Amino acid sequence: MDSRFRGNDKMKALVVFVTASSRKEADKIAQCLVEEKLAACVSILPGVYSRYWWQGLIENQKELFLIIKTVPRRYKVLERRIRALHSYSVPEILAMPVVDGSPAYLQWIKKSV
């Protein structure tokens, strides 16, 4: 388990947020993560508009939003894989702990990765 997530006995899974610049990139990331059993599921939401600081300027970008379901023990490898696949030099990769949820769904995530 990644040391950043140790000490939380209630955490059952992680939800990881990633943005992508195109449908092709989002599909490539999702497919690889699921095929490689780094994620149980990746949901892709189109039509996200992001506004952010980049290199001293405020940027506006239409992106896709990936919601990745995984477990803490797979996070480190998942993060490295996303970085390798992603076109951004600093991709958004944010992991949120899941402290509870449907027992059947949480068990399915665990068995799928």
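Residues numbered from 1 in each chain as written. Predicted model: local features only at pLDDT ≥ 70, side-chain atom pairs only at ≥ 80, totals over all residues. Heavy atoms only, no water.

Asks: Hey, could you run me through the nonpolar core in this one?
Replies: Generally speaking, soluble globular proteins have nonpolar side chains that are buried together. Of all hydrophobic cores here, the largest spans 21 residues; its most connected members are Val16, Leu33, Val42, Leu66, Ile68, Leu78 and Ile82. Among the elements of the structure, strand S1 (13-20), helix H1 (23-35), strand S2 (41-54), strand S3 (57-70) and helix H2 (75-85) are those that each provide at least two residues to this core. Of the residues forming this core, the biggest block, five residues, is contributed by H1. Formed by eight residues, the second largest nonpolar core is a distinct cluster that contains Ala40, Val71, Ile109 and Val113. (Core = buried A, V, L, I, M, F, W, Y, C linked by side-chain atoms within 4.5 Å. Buried < 20%, exposed > 50% of the residue type's maximum accessible area, 1.4 Å probe, protein only. Helix = DSSP H or I, 4+ residues; strand = E, 2+ residues; numbered from the N terminus.)

Asks: What am I meant to see in the pattern of salt bridges here?
Replies: A side chain of one charge can pair with a side chain of the opposite charge when the charged atoms of the two come close. Applying the stated criterion across every chain yields a total of three salt bridges. Between arginine 23 and aspartate 27 there is a salt bridge whose closest N-O contact spans 3.0 Å. Of this pair, arginine 23 and aspartate 27 both sit in helix H1, four residues apart, which is roughly one turn of the helix. Relative accessible area serves as the criterion here: at 32%, aspartate 27 is assigned to the partly exposed category. One salt bridge in this structure joins arginine 83 and glutamate 79, with 2.8 Å as the shortest N-O distance. Taken as a pair, arginine 83 and glutamate 79 lie in helix H2 at a separation of four residues, close to a single helical turn. For glutamate 79, a relative accessible area of 13% corresponds to the buried category. (Salt bridge = Lys/Arg side-chain N within 4 Å of Asp/Glu carboxyl O.)

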